[in-house]
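Fold and geometry: a report
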Amino acid sequence: MNQSEHAKDKQFGFWGKWMAWIVLLAALLITFFLWSLDRTLTMERAHDRFAFRIKTIESVLRERLRACEFLLQSGAGFFAASGEVTRAEWRTYVKNLQLDKYYQGVQGLGFSKRILPSEKEAHIRQIREEGFSNYDIHPDGERSEYTSIIFLEPFDWRNQRAFGYDMFSEPTRKEAMEKARDTGLAAMSGKVILLQETDKDVQAGFLMYLPVYRKGEVPKTPEQRREALTGYVYSPFRMNDFMRGILIEKREYVELQIFDGNEPLKEALIYPSGNMESLVSHSDHPHLFTHQSTLEYAGRRWLLVFKTSPYFEETIDTAQVNALLLLGIIISLLLFAVLLSLTKSRNQALSLANMSLDLEKANLGLRKEIEEREQATEALQENEEKFRNLFNSAEVGMFRTRLDGSEILDMNEKLLNILGRSSGEVQGLPSLIHWLDPSQREELLSRLEIEGRVLNFESRILNKQGEVRTCLMSLVLYREQGVLEGSIIDITERKLAEEDSLRYSAELEKKNKELLDALANVKQLTGMLPICGSCKQIRDDKGYWSAVESYIGKHSEAVFSHGLCPECEKKAYEDLEKLLKEDN
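If you're wondering where the values come from, they're calculated on a predicted model, not measured in any experiment. (Residues numbered from 1 in each chain as written. Predicted model: local features only at pLDDT ≥ 70, side-chain atom pairs only at ≥ 80, totals over all residues. Heavy atoms only, no water.)

Concerning the overall build of the chain
- Along the chain, the regular secondary structure elements total 18 helices and 16 strands.
- The buried share of the chain, reckoned over its 584 residues, is 38%.
- Considering only intrachain contacts with a sequence separation of at least 6, the fraction spanning at least 24 residues in the chain is 60%.
- Summed over all atoms, the accessible surface of the chain reaches about 35300 Å², with 54% contributed by carbon and sulfur. (Helix = DSSP H or I, 4+ residues; strand = E, 2+ residues; numbered from the N terminus. Buried < 20%, exposed > 50% of the residue type's maximum accessible area, 1.4 Å probe, protein only. Contact = heavy atoms within 4.5 Å. Areas by Shrake-Rupley, 256 points an atom, 1.4 Å probe, with all protein chains shown as cover.)

Details of helix α2 (residues 87-97)
- When we look at burial in α2, the residues that qualify are R87, W90, Y93, V94 and L97. Taken around the axis of α2, the buried residues stretch over an arc of 130 degrees, which confines them to a single face. The exposed residues of α2 that point more than 90 degrees off its buried face are K95 and N96.
- Within two residues after α2, Q98 carries a phi angle of roughly 55 degrees, on the positive side. (Arc of directions from axis to C-beta.)

Section: the packing of aromatic side chains
- Going through the model one piece at a time under the given rule, you end up with 18 aromatic pairs.
- When the centroid spacing of 5.6 Å and the interplanar angle of 40 degrees are considered together, the rings of W90 and Y93 count as tilted. Here W90 pairs with Y93, and both are found in helix α2, just three residues apart, close to one helical turn. Considered together, W90 and Y93 belong to a single accessibility category, that of buried residues. (Phe/Tyr/Trp six-rings, centres within 6.5 Å; stacked < 30°, edge-to-face > 60°.)

Re the side chain of E145
- Checked against the element boundaries, E145 lands in the loop between α4 (120-129) and β2 (146-153).
- At a separation of 3.0 Å, a polar atom in the side chain of E145 contacts the side chain of R114.
- When near neighbours in sequence (up to four residues on either side) are disregarded, E145 contacts R114, I115, L116, P117, D166, F168 and R181. (Polar contact = N/O pair within 3.5 Å; in protein donor to acceptor, adjacent residues only side chain to side chain.)

Overview of empty space enclosed by the protein
- A complete count under the given rule lists two cavities of 30 Å³ or more for this structure.
- For the largest cavity, the calculated volume is near 60 Å³.
- I149, A162, Y165, M167, R173, L194, L195, Q196, L207, Y234 and P236 together form the lining of the largest cavity.
- Partitioning the lining of the largest cavity into residue classes produces nine nonpolar, one polar and one charged.
- Computed from the structure, the second largest cavity encloses a volume of approximately 40 Å³.
- Lining the second largest cavity we find T172, E175, A176, K179, M188, S189, G190, G299 and R300.
- The biggest single contributor to the lining of the second largest cavity is helix α6 (residues 171-183), with four residues.
- Here the lining of the second largest cavity is composed, by residue class, of two nonpolar, four polar and three charged. (1 Å grid on protein atoms, 1.4 Å probe; cavity = no way out; pocket = protein on both sides within 12 Å on 5 of 7 lines; lining within 4 Å. Points joined across faces, edges and corners; volume = space filled by probe spheres on them. Nonpolar A, V, L, I, M, F, W, Y, C, P; charged D, E, K, R; others polar.)

With respect to the nonpolar core
- One finds W90, L109, I258 and W302 to be the most contacted residues of the largest nonpolar core, which totals 60 residues.
- Top element by residues in this core is helix α1 (residues 3-82). It accounts for 13 residues. (Core = buried A, V, L, I, M, F, W, Y, C linked by side-chain atoms within 4.5 Å.)

Notes on the sheet that holds strand β12 (residues 453-462)
- As summarised here, the arrangement of the five strands in space is β11-β10-β14-β13-β12, forming an open sheet in which the pairing is antiparallel. On the outer flanks of this sheet lie β11 (408-411) and β12, each paired with one strand and no other. With strand direction ignored, the average angle separating the axes of adjacent strands in the sheet is 25 degrees.
- Pairing of strand β13 (residues 468-478) with strand β14 (residues 483-490), which is carried by eight bridges, proceeds in the antiparallel orientation. (Pairing = 2+ DSSP bridges. Axes fitted to C-alpha atoms, helices over the stretch in contact; angles between N-to-C directions.)

Notes on the side chain of R158
- On the secondary structure map, R158 appears in helix α5 (residues 157-160).
- Despite its burial, R158 pairs with no opposite charge; the closest candidate is E197, at 4.3 Å N-O.
- Not counting residues up to four positions away in its chain, the partners in contact with R158 are Q107, Q196, E197, T198 and R238. (Lys, Arg positive; Asp, Glu negative; His and termini not counted. Salt bridge = Lys/Arg side-chain N within 4 Å of Asp/Glu carboxyl O.)

So, in structure tokens, the structure goes:
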């Protein structure tokens, strides 16, 4: 062995001795790097889910407050349109709003009347004459003005506790009422305990007010608004009931606290999603993610504090991350053992090194494939939820049936309202096409077979109550899936309005023709006729004044009928069209 080969063997012996340790160290470093990267990505995905739920809760909370403001605006509009509202009218109006169905957390819809000291005795006497012999304004005491609750529906045992209460006597309520009065806008109160509360299930609450002014118009200046104020349309809210349904998971992913104001103080807490004491105090459980945001609405600011719940943290898939770490360690140890036993075999060592790289690549590819599948699954679930929400909230009737018309697969709430049926009643019924007028059904099926889709097909459908509804139907045929999808727009009222307009036009044309025929038979009058420049009467030869129709009737063969000139006819059409739009 020459000197050169000896040097090579010595060099290989040195590297062969430490090669296994070098590979072990490198494999462990790679394993821990990949484990750290995978864990970071997993935490980022978990944070994205947490942020998405925060945005969803904030959006739903704001929309629910906006819906409550619209409720107060409709009540104020009812007072503006009616002038004087009776107790029976208010009860009927609120009953038709179906508060328990469409407005969660609303304890009721009421009206608090503004009463001056000079009007107090007459007011109490009037309410007592309505049948409430024990009615009085409470709390007692002399004040510069009173705001007594005279209407509050539903008038159940809880709301009866607030009957006659002067909310101006309590500072928190008064602050919101004055803000609403001076701005002419809706205003929310701070945290209060409602009069409707009892000793059981006591909840924090708040109220929302909207001022009602004389003549239904908002004056321009605060001074004018104070003078024109007649009362407030308002709603009380129990906070836990108001928040019900916003945290929609069966087990909460997010713990939410709502504070009245800017600081997370215990006395300002108006809503905890869990136990109040454990949430406000410092818990031993460290939350993975936390977030604070501010919600401002109707002149009030709420501090929202979001925290991940233990259940949310349990759903984070760390098993895959830990499995990757364990697999990397095992692979690293195996490589170390193999390289240690084959230090004299350069080819085997290289082969094992290549095997290690292949395994690492396969591991990375497997993890990437798993991530892509998870992302695709989440995206599909989100899209399905969005489509379902859009389908159910659409203002157009929508449905999906079998191609052979044997079964209705799906139908939204708008279409159920048009048909006058519930979702349970349409199960097992044939396709909507079978409900059409027979002549229309044949034409529709023929066009659908040829074109594959039909747009704005005017049809007549018989609903459950026996009423014939005129509708515009649009259909799309999916032959491969064996499915027919479509939408329906009810235009019954519009068709009736068009028929009324045509009938009125025909009557005007008939009257106009009669006028023209009469004018053709009028005798010719000659000479100078003295006519009054103001009332348009004509003076005869004897000095007597008479109307134009009377004078011409005596001095000609004309017989008068009344019609409309083109300009008046055009104006009549415009007035009729405006009236029909208001009726609709």
